[in-house]
Amino acid sequence: MKKVLFLGTLLAALLLGAFAVAAQEAATLNVRNINGLGPVLVAQNGMTLYTFKRDRLDTTNCVEPCTNNWPPYTVSSTEMLTLGEGIPGEIGTIERPDGTLQVTYNQMPLYFWVNDQAPGDATGHNFRTNWLVATPATVYVQFDEELGYILVGGDGKTLYTFANDEPNSTSCVEPCSNNWPPLTVESANALVTSVNIPGVFTTFERPDGTLQVAYNGKALYFWVNDAARGDTTGHNFRDVWFVAKP
């Protein structure tokens, strides 16, 4: 009887484990480590996902014949959207000109590349410098109509630098940091930067013991009055705060 009970318990545990793996794999967006590129966003089927530099937030500029080579990642309904465990930011959808729903990550439309044959392929990365693998990074690049390419955090919000800071240090502590929250990570290993950003990312310890991220020695911050992705209302504030640019 004990053996039967043990086998039943073992079987239940294996089934629960299988369900957990299936649930994780079933997420609309997941992460896969690809050699040379690091963590990359992949679709439910495991295939690599890309972003298009000419797209804007919640807007696609890739229609036919572009979509013949870069099929959009679409879903039938917004009700089943899921983000894999540990992925920062948000998943969403936009309605394409043909009425289909395209998946977005931090409001950027996501695509496949027609020449990728199997999970782990990323042959479309840097194609004509306009197509990049989508990454769940601590810091990545986003295009702003007025300011050009700027750095944004994992949630897609704009990042800033403070002119009064010394290299790899901060002069913005409370109450300054109430308005300019620092970009922090739990550990140096948790710092993940998007591919193709030139320069050097580092971390340093703030007075409160947290680790702040710096880019080329300049500490990175958010601005409390930026309400949404794409906002850059802190740029040129008092002539000492500026958007961080690659």
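Since this is a predicted model, take the numbers as computed values, not measurements.

Quick look at the packing of aromatic side chains now. Two aromatic rings are characterised by how far apart their centres lie and by the angle between their planes. One pass over the structure, following the stated rule, counts 17 aromatic pairs. Summarising the aromatic geometry, the rings of Phe 52 and Trp 131 are spaced 4.3 Å apart at their centres and angled 10 degrees between planes, so their arrangement reads as stacked. Here Phe 52 is found in strand 3 (residues 50-52), whereas its partner Trp 131 is found in strand 8 (residues 131-133), with 79 residues between them in sequence. Comparing Phe 52 with Trp 131, the two get one shared label, buried. For the ring pair Trp 70 and Phe 127, a centre distance of 5.9 Å and an interplane angle of 55 degrees mean the geometry is tilted. Note that Trp 70 is positioned in the loop between helix 2 (66-69) and strand 4 (74-75) and Phe 127 in the loop between strand 7 (108-109) and strand 8, a separation of 57 residues in sequence. A relative accessible area of 4% means that Trp 70 is categorised as buried. Owing to a relative accessible area of 29%, Phe 127 belongs among the partly exposed residues under this scheme. Across the ring face of Tyr 149, the terminal group of Lys 53 is positioned such that the distance to the ring centre comes to 5.4 Å.

Let us look at unusual backbone geometry. For the peptide bond that leads from Glu 64 to Pro 65, omega is 5 degrees, which places it in the cis range. Tracing the backbone shows Pro 65 in the loop between strand 3 and helix 2. The peptide bond linking Glu 174 to Pro 175 adopts the cis configuration, its omega dihedral lying at 5 degrees. Here Pro 175 shows up in the loop between strand 11 (160-162) and helix 3 (176-179). Backbone geometry places Thr 129, a non-glycine residue, at a positive phi of 60 degrees. With respect to the element layout, Thr 129 can be found in the loop between strand 7 and strand 8.

Okay, the pairing of strand 5 (residues 91-95) next. Only one face of strand 5 is buried: it carries Gly 92 and Ile 94, and the other face, with Ile 91, Thr 93 and Glu 95, is open. Here strand 5 pairs with strand 6 (residues 101-105) via 5 bridges, running antiparallel. Along strand 6, the bridge assignment pairs Ile 91 with Tyr 105. Here strand 5 folds back onto strand 6, and the loop between the two strands holds 5 residues, one of which, Gly 99, carries a positive phi near 95 degrees.

Right, let's talk about the pairing of strand 1 (residues 30-34) for a bit. Here strand 1 pairs with strand 2 (residues 38-42) via 5 bridges, running antiparallel. Within strand 2, the residue paired with Ile 34 across the bridge is Gly 38. The hairpin turn running from strand 1 into strand 2, its antiparallel successor, is 3 residues long, and Gly 36 in that turn takes a positive phi close to 85 degrees.

Our next topic: the layout of surface pockets. Its boundaries defined by the atoms lining it, the largest pocket holds a volume of some 560 Å³. Residue lining of the largest pocket: 31 residues in total, with Met 108, Tyr 140, Val 141, Gln 142 and Phe 143 positioned closest to the centre. Looking at the lining of the largest pocket, the elements that each hand over two or more residues are strand 3, strand 8, strand 9 (139-144) and strand 10 (148-153). For the lining of the largest pocket, the element with the most residues is strand 9, which contributes 5 residues. Of the residues belonging to the lining of the largest pocket, the class tally is 18 nonpolar, 8 polar and 5 charged.

Within the secondary structure, Gly 148 sits in strand 10. Not counting residues up to four positions away in its chain, the partners in contact with Gly 148 are Gln 142, Phe 143 and Lys 245.

Attention now moves to the side chain of Ser 194. Here Ser 194 lies in the loop between strand 12 (184-185) and strand 13 (201-205). We classify Ser 194 as buried; its relative accessible area is 11%. There is a polar contact of 3.3 Å between the side chain of Ser 194 and the side chain of Thr 135. If we ignore the near neighbours within four places in the chain, the residues touching Ser 194 are Thr 135, Ala 137, Val 139 and Tyr 140.

A word on the confidence of the model for the chain. Summing up the model confidence of the chain, the mean pLDDT is 89 and the portion of residues at 70 or higher is 89%. Low pLDDT (under 50) marks residues 1-24, which in the prediction has 1 contact with non-local residues, meaning those over four places away or in another chain.

Bringing the nonpolar core into the picture now. Core analysis: the largest hydrophobic core is formed by 16 residues, its most contacted members being Tyr 160, Phe 162, Cys 172, Trp 180, Tyr 221 and Trp 241. Of all the secondary structure elements, the ones that give two or more residues to this core are strand 10, strand 11 and strand 16 (241-243). In this structure, Cys 172 is in contact with Phe 162, Asp 165, Ser 177, Trp 180, Arg 206, Tyr 221 and Trp 241, ignoring residues within four places of it in sequence.

Calculation notes
Residues numbered from 1 in each chain as written. Predicted model: local features only at pLDDT ≥ 70, side-chain atom pairs only at ≥ 80, totals over all residues. Heavy atoms only, no water. Phe/Tyr/Trp six-rings, centres within 6.5 Å; stacked < 30°, edge-to-face > 60°. Helix = DSSP H or I, 4+ residues; strand = E, 2+ residues; numbered from the N terminus. Buried < 20%, exposed > 50% of the residue type's maximum accessible area, 1.4 Å probe, protein only. Lys NZ or Arg CZ within 6 Å of the ring centre and 35° of its normal. Pairing = 2+ DSSP bridges. 1 Å grid on protein atoms, 1.4 Å probe; cavity = no way out; pocket = protein on both sides within 12 Å on 5 of 7 lines; lining within 4 Å. Points joined across faces, edges and corners; volume = space filled by probe spheres on them. Nonpolar A, V, L, I, M, F, W, Y, C, P; charged D, E, K, R; others polar. Contact = heavy atoms within 4.5 Å. Polar contact = N/O pair within 3.5 Å; in protein donor to acceptor, adjacent residues only side chain to side chain. pLDDT = per-residue confidence, 0-100. Core = buried A, V, L, I, M, F, W, Y, C linked by side-chain atoms within 4.5 Å.

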